Every structure is written in C-alpha cells, then in structure tokens.
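Next come the chains, spelled out residue by residue.
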Amino acid sequence: KYMNTRQILIISLFLIVTSLLMVTHTRTTISIPIIFAQTSDGNTKTDLSAAGIITFTYTKLGVLSGNYERILYDSKTNSLSVSNNTSVLDSGMSSSRASSNQVSASDEKNLEQLIDKNGFFQANSIYPPDTTDAQDYTLHILNVKMDNRLHTVLWADTSSNVPAGLLSIVQVIENMASK
C-alpha cells in the first residue's frame, strides 16, 4: 500500500523535529560503568546512577501554521526549558520566546508516578491523524526517558484512540511549563 501525501508530510515533519531535537539537545556524555546484579529469582538487574532520572521532550507543531512549542526537562540539572515560535502566515511575521525554570521535587515525583500509572511506555508509538476534515492540525511528539526506559509517542489533535492517560501526562507537563 502506498503512502498518501499527508502521511509522507507527517513522517517528514516527525523526522525533521526529532533530528532538530537531537542536534539542539546534545551534550557531553560521561561513560558510567553499569553494574549487574543477579537477584535470588535469577533476574538480572542493573544498578546505575540513571535510576530515578527523568528527561522528556514534548513538542507541538502546527502542520500548516508552522507554530512550534518545545518543552524540555532534565532531572539531573532540574532544568525545564520552553521555547516557542509563532508564525503569522498572512503577514510573514513570526515571534520567538524562550524561558527556563526549576521543577519542584514533588512535581517531578508526581509526573513520574503519572507516567507509570498511565502506561506511557506501553502506548503505541504513532496515533495517525484523522485527516478527512482537517486541513490544519497540531502534531504532538512526547519523548520520555525514565529509569533506563525510552519511548516516543507521536499523535495529532485529530488522531482517534489517543489514550486519555497520555493526554493527562501532557497536561501536567504543560502546567509545569506555565509555572
């Protein structure tokens, strides 16, 4: 089955946005040896300093408007940064803003519990948009790394079957960013 133009556009936007995230969010990484321990039930577990660390990137992109918002958080630095770019297509004008703030330990813990409780790491990776009526919609990308687990979910505001738990997680992230 061949992909239609919208599917190609969505995949292209996803690749562009994620490549921008990788390029703009790079930093020097220090290698830490991983220590393996075998439990009495025979399972192998890792004990490394990444336990309890959460990072996320939440991006919203207006497909036709070009409006863009990105929220980044890293618990190692306790830094939450928000960047916006708003375009007005008719006038060709755009505005950008960026802010950064700290997250309380209770807000971070609540978010971690919400992510676990709502099964974020079990969610589908893509919830395709319903494009039958919508010409313009917002593309959402949430990437979370928590306790050595990494997962990315892509959906649109016109997507059907997006789990309510995923939307709850995003609401908490947006509330954290607006403080």
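About the thresholds
Residues numbered from 1 in each chain as written. Predicted model: local features only at pLDDT ≥ 70, side-chain atom pairs only at ≥ 80, totals over all residues. Heavy atoms only, no water. Salt bridge = Lys/Arg side-chain N within 4 Å of Asp/Glu carboxyl O. Helix = DSSP H or I, 4+ residues; strand = E, 2+ residues; numbered from the N terminus. Core = buried A, V, L, I, M, F, W, Y, C linked by side-chain atoms within 4.5 Å. Buried < 20%, exposed > 50% of the residue type's maximum accessible area, 1.4 Å probe, protein only. Pairing = 2+ DSSP bridges. Phe/Tyr/Trp six-rings, centres within 6.5 Å; stacked < 30°, edge-to-face > 60°.

1. Here we look at the pattern of salt bridges
The final tally for this structure, using the stated rule, is 3 salt bridges. Put simply, Lys-60 and Glu-174 hold a salt bridge, and the shortest N to O gap is 2.9 Å. Here the residue Lys-60 occupies a position in strand E3 (residues 54-62), and Glu-174 occupies one in helix H3 (residues 164-178), the gap between them amounting to 114 residues. Arg-149 is the salt-bridge partner of Asp-116, the closest N and O atoms lying 2.9 Å from each other. One end of the pair, Asp-116, is in helix H2 (residues 105-117); the other, Arg-149, is in strand E9 (residues 149-156), and 33 residues separate them in sequence. Taken together, the shared-partner salt bridges in this structure form one network comprising Lys-60, Glu-69 and Glu-174.

2. A closer look at the nonpolar core
Membership of the largest hydrophobic core comes to 27 residues, with the highest contact counts inside it found for Phe-56, Leu-80, Ile-115, Phe-120, Leu-142, Val-144 and Trp-155. Elements with a minimum of two residues in this core: E3, strand E4 (68-74), strand E5 (79-88), H2, strand E8 (138-146), E9 and H3. Top element by residues in this core is H3. It accounts for 6 residues. Listed in part, the 8 residues of the second largest apolar core include Leu-61, Val-63, Tyr-68 and Ile-141.

3. Remarks on the pairing of E8
In the sheet, E3 pairs with E8 via 9 bridges, with the strands oriented antiparallel. Its bridge partner being in E8, Tyr-58 is matched across the sheet by Leu-142. Strand direction decides the pairing type here: E8 and E9, joined by 8 bridges, are antiparallel. When the bridges of E9 are listed, Leu-142 appears paired with Val-153.

4. Considering the packing of aromatic side chains
For the structure on display, the rule yields 3 aromatic pairs. Between Tyr-58 and Trp-155, the aromatic rings sit 6.3 Å apart at their centres with planes inclined by 20°, giving stacked as the arrangement. Here the residue Tyr-58 occupies a position in strand E3, and Trp-155 occupies one in strand E9, the gap between them amounting to 97 residues. As far as the burial class goes, Tyr-58 and Trp-155 line up, both buried.

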